[in-house]
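Residue strings, one per chain:
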Amino acid sequence: MKKHLIAGSVILAIAVFFVFSSGKAAAPLSPIEDLGKKLFFDKALSSPAGQECAACHGPSVGFTGPAERFNKVGGVYEGAFKGRFGNRKPPAASYAGDSPKLHLDKEGNFVGGMFWDGRATGDVLGDPLAEQAMGPFMNPLEQNMPDKKSIILAVQKSTYARLFEEVWGKGSLDAVKNVDKTYELIARSIAAYERSAEVNPFSSKFDAFWRAATAKGLKVETIDADSAKNFKNLGLTEREINGLVLFNTKGMCAVCHVLTSVNGRPPVFTDYAYDNIGVPKNPDNPFYGQAKNFNPEGKAWVDKGLGGFLQTVDKYKSYAAANMGKHKVPTLRNVDERPTPVFVKAFMHNGALKSLKDVVRFYNTRDKGEAKWPAPEVKANLNTQESGNLGLTNDEENAIVDFMKTLTDKR
Ligand code: HEC
Ligand code: HEC
C-alpha cells in the first residue's frame with residue numbers, strides 16, 4: 001500500500017513537473033483541441049511547405065506576429081511564397097472565440113465577426129472563428145495551397161491522420177466524396193484549439209487580481225479614483241491599480257476595451273465593435289509594393305477596414321460610408337507578451353505603432369497640434385469623443401502602459 005503510494009506520488013510529481021515545466025496550461029487538451037493544435041502547427045499545410053498558422057500567430061507573443069524583422073517595419077508577414085505579403089498585421093488568434101457573428105446592434109453599430117474588417121462574418125458556418133480558419137490555407141499571400149483537396153491530402157499523410165478519424169469518425173478524412181465537409185471539419189478543429197484553455201488560460205496577474213476582487217464582491221469594471229483603495233492588496237501594485245483607474249476613467253480605454261465579464265470569466269478587453277481611431281498609414285507596409293494582380297492600386301491603396309468589406313455585400317452596402325476606416329477593437333490580452341523585454345512588437349491593424357507607450361501617447365495627443373502625428377489613413381468617421389486629446393500627463397501615460405503589462409499570461 002505504502003509502496004504504491006510512494007510510486008504513485010513519484011509518478012504524480014513527474015507528471016506535475018512536466019505539465020508545469022513544458023510551459024503549457026495545466027489542463028490537458030481534449031482530442032479535438034489536440035487535433036486543432038496539430039493543424040495549427042503543421043508546416044506541411046502550405047505551398048511551398050514551411051508555413052504554419054503559428055508563423056504569424058506565435059504563442060511567445062500572445063498568438064500574434066512572432067518575427068521581429070517584420071514587426072520592426074511593416075508589421076505585415078510574408079506568405080509561404082517568398083516575396084508575397086498581405087496588407088495587415090496579424091491580430092491575436094487567442095481570446096477571439098467569443099466574438100459573435102457580424103451583426104448590427106440596436107444602436108446601428110456593427111459588432112462581431114473575425115479579421116480587422118469583420119469579413120469572416122460567421123454566416124457560412126455559424127461560427128466566425130471556424131470560418132476564419134478556412135481562409136489562410138488557400139490565401140495566395142499566406143499559406144498558398146492550391147485547393148481544399150490538396151490540404152486534405154496533406155492531412156492524410158500527417159502523423160495525426162488517425163486522430164482526425166478518432167475525433168470525427170471513420171471515413172471523415174475524405175478527399176473525394178465530400179471535400180467541402182472535410183475542409184469544414186479541419187476548420188472546426190482549429191477553432192476548438194483556439195478556444196482551448198491552453199490558448200486562453202486567463203492566467204495573467206490581472207486575472208488573479210480580478211478573481212480576488214470578484215470574490216470580495218468588488219466590480220472591477222466600476223473602479224475609479226474614489227473606489228481604488230478597496231482594490232489594494234489583491235495582486236496589483238498601487239501603480240498598476242492607478243493605471244487601471246486611468247484606463248477606466250480619464251483614458252477612456254475601457255469604453256471600447258471593455259472590463260465587463262463574459263460568462264463569469266475575466267474580461268477580454270474588447271466589445272467586438274469597430275472604430276476609426278485615426279491610425280496613420282504605415283509607409284513601410286510591404287503591400288504597397290505588391291504585384292498589380294494582388295494590389296491594383298499600388299501606393300494609392302487605402303485600407304478602408306469594415307467599410308471596405310461592407311461595400312462588397314449587398315445587404316450591407318448602404319452602411320459602408322458610415323464605417324470607412326473602422327477596424328475591430330482588438331483584445332489587449334498579452335499585448336505586451338514578448339520573448340525578451342527589448343523584442344519589438346507592432347501595434348494596430350497596420351503595425352504603424354511600435355510600443356505601448358506610443359499607443360497611449362497617440363490616443364492622448366492625436367488631435368493636439370503640437371504632437372504632429374501623421375494624418376489618419378482614413379479621415380472619415382474618426383472617433384474624437386473618446387480619443388485624440390485626453391489630457392493625460394506623461395506619468396499617467398506610463399501608468400496605463402504598466403497596467404497593460406499585467407495582461408500577460410503565465411505560460
Ligand atoms: C502569413 C501570415 C498568416 C498566416 C500564415 C495565418 N494568419 Fe491568421 N491572420 C493574419 C493576418 C494578417 C490577419 C488579419 C487579416 C485581416 O484582418 O485582413 C489574421 C487574422 C487571423 C484571425 C482573426 C483574429 C480576430 O480577432 O479577428 C485568426 C483567428 C487567425 N488569423 C487564425 C489563423 C489560423 C488558424 C491560421 C492557420 C490556418 C492563420 N491564422 C494563418 C496572418 C496570418
Ligand atoms: C473608441 C474605441 C477605442 C478606445 C477609446 C480605445 N481603443 Fe484601443 N483600439 C481600438 C481599435 C478600433 C483599435 C484598432 C485600431 C486600428 O488598428 O486601426 C485599437 C487598438 C489598440 C491597441 C493595439 C492592439 C494590437 O493588437 O495591435 C492597443 C494597445 C490599444 N488599442 C490600447 C488602448 C488604450 C491604452 C486606450 C486608452 C488610452 C485605448 N486603446 C482606447 C479602439 C479603442
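Residues numbered from 1 in each chain as written. Chains lettered and ligands numbered in written order. Predicted model: local features only at pLDDT ≥ 70, side-chain atom pairs only at ≥ 80, totals over all residues. Heavy atoms only, no water.

## What about the coordination of the iron atom of ligand 1?
In a perfect tetrahedron of four donors around a metal, the angles come out at 109.5 degrees. In a perfect octahedron of six, they are 90 or 180 degrees.
Then step 1. Here the protein supplies the iron atom of ligand 1 with just one donor, His-57 (NE2), and that contact is 2.0 Å long.
Then step 2. Relative to the assigned elements, His-57 resides in the loop between helix H2 (31-40) and helix H3 (68-71). (Donors = N, O, S within 2.8 Å, 3.2 Å for Na, K, Ca; no water. Helix = DSSP H or I, 4+ residues; strand = E, 2+ residues; numbered from the N terminus.)

## Some details on the site of ligand 2
Then step 1. Not every one of the 25 residues close to ligand 2 is listed here, only the nearest: Lys-89, Cys-253, Cys-256, His-257 and Tyr-363.
Then step 2. In this structure, Met-348 approaches ligand 2 through a main-chain N or O atom, which is 2.7 Å from an oxygen atom.
Then step 3. Between Tyr-363 and ligand 2, the recorded distance is 2.6 Å, taken from a side-chain N or O atom to a nitrogen atom.
Then step 4. Those elements that provide at least two residues to the shell around ligand 2 are helix H11 (356-365) and helix H12 (394-404).
Then step 5. Residue contributions to the shell around ligand 2 peak at 3 residues, all from H11.
Then step 6. Split into classes, the residues belonging to the shell around ligand 2 amount to 17 nonpolar, 5 polar and 3 charged. (Near = heavy atom within 4 Å. Polar contact = N/O pair within 3.5 Å; in protein donor to acceptor, adjacent residues only side chain to side chain. Nonpolar A, V, L, I, M, F, W, Y, C, P; charged D, E, K, R; others polar.)

## Here we look at the site of ligand 1
Then step 1. With respect to spatial proximity, 27 residues lie near ligand 1, and among them Cys-53, Cys-56, His-57, Phe-115 and Arg-119 are the closest.
Then step 2. The contact in question runs from an oxygen atom of ligand 1 to an N or O atom on the side chain of Arg-88, over 2.8 Å.
Then step 3. One of the side-chain N or O atoms of Arg-119 is found 2.8 Å from an oxygen atom in ligand 1.
Then step 4. Listing elements by their share of the shell around ligand 1, those giving two or more residues are helix H4 (128-133) and helix H7 (179-194).
Then step 5. Looking at the shell around ligand 1, its residues break down into 15 nonpolar, 4 polar and 8 charged.

## Looking at the environment of Gln-132
Then step 1. Mapped onto the elements, Gln-132 comes out in helix H4.
Then step 2. Judged by relative accessible area, which is 15%, Gln-132 ranks as buried.
Then step 3. Taking the C-alpha atoms as reference, Gln-132 lies 8.7 Å from Ala-191; in sequence the two are 59 residues apart.
Then step 4. Setting aside residues no more than four positions away along its own chain, Gln-132 makes contact with Met-114, Phe-115 and Ala-120. (Buried < 20%, exposed > 50% of the residue type's maximum accessible area, 1.4 Å probe, protein only. Contact = heavy atoms within 4.5 Å.)

## Re the confidence of the model for the chain
Then step 1. Residues at a pLDDT of 70 or more form 94% of the chain, whose mean pLDDT is 94.
Then step 2. With pLDDT under 50 throughout, residues 1-25 is counted as low confidence; its partners more than four residues away or in other chains account for 10 contacts. (pLDDT = per-residue confidence, 0-100.)

## Topic: the coordination of the iron atom of ligand 2
Then step 1. With distances of 1.9 to 2.1 Å, the protein atoms coordinating the iron atom of ligand 2 are His-257 (NE2) and Tyr-363 (OH).
Then step 2. Taken together, the 6 donor atoms coordinating the iron atom of ligand 2 span angles of 84 to 179 degrees at the metal, a pattern that classifies the geometry as octahedral. Linking His-257 in the loop between helix H9 (238-248) and strand S3 (274-275) with Tyr-363 in helix H11, this pair joins segments that are 106 residues apart in sequence. (Tetrahedral: all angles 85-135°; square planar, octahedral: opposite > 155°, others 65-115°.)

## Considering the packing of aromatic side chains
For any pair of aromatic rings, the description rests on two quantities: the centre-to-centre distance and the angle between the ring planes.
Then step 1. As enumerated under the stated definition, the model contains 21 aromatic pairs in all.
Then step 2. Through successive ring pairs, a cluster of aromatic residues spans Phe-206, Phe-209, Phe-231, Phe-247, Phe-269 and Phe-403.
Then step 3. Sitting over the ring of Tyr-95, Arg-333 keeps its end group 4.8 Å from the ring centre. (Phe/Tyr/Trp six-rings, centres within 6.5 Å; stacked < 30°, edge-to-face > 60°. Lys NZ or Arg CZ within 6 Å of the ring centre and 35° of its normal.)

## Some details on H7
Since the α-helix advances by 3.6 residues per turn, residues separated by three or four positions end up pointing in the same direction.
Then step 1. With 16 residues, H7 should reach 22 Å at 1.5 Å per residue; the first-to-last C-alpha distance of 23 Å fits that figure.
Then step 2. With 13 of 16 residues buried, H7 is to be regarded as a mostly interior element. (Expected span 1.5 Å × (residues − 1).)

## Examining unusual backbone geometry
Then step 1. The peptide bond linking Ser-47 to Pro-48 adopts the cis configuration, its omega dihedral lying at -5 degrees.
Then step 2. Residue position: Pro-48 is located in the loop between H2 and H3.
Then step 3. Positive phi, close to 50 degrees, is recorded for Phe-202, a residue that is not glycine.
Then step 4. You can call Phe-202 buried: its relative accessible area is 9%.
Then step 5. A positive phi angle, close to 60 degrees, is found at Asn-334, a residue other than glycine.
Then step 6. Checked against the element boundaries, Asn-334 lands in the loop between strand S4 (327-328) and H11.

## So, the nonpolar core
Then step 1. Membership of the largest hydrophobic core comes to 40 residues, with the highest contact counts inside it found for Phe-206 and Phe-247.
Then step 2. Looking at this core, the elements that each hand over two or more residues are helix H8 (205-215), H9, H11 and H12.
Then step 3. Among the nonpolar cores identified, the runner-up in size contains 37 residues, and Leu-45, Met-114, Ile-152 and Ala-191 belong to it. (Core = buried A, V, L, I, M, F, W, Y, C linked by side-chain atoms within 4.5 Å.)

## Some details on the side chain of Arg-338
Then step 1. Inspection of the secondary structure assignment puts Arg-338 in the loop between S4 and H11.
Then step 2. In terms of polar contacts, Arg-338 uses its side chain to reach the side chain of Asp-336, at 2.7 Å.
Then step 3. Here Phe-343 takes part through its backbone oxygen, which lies 2.9 Å from a polar atom of the side chain of Arg-338.

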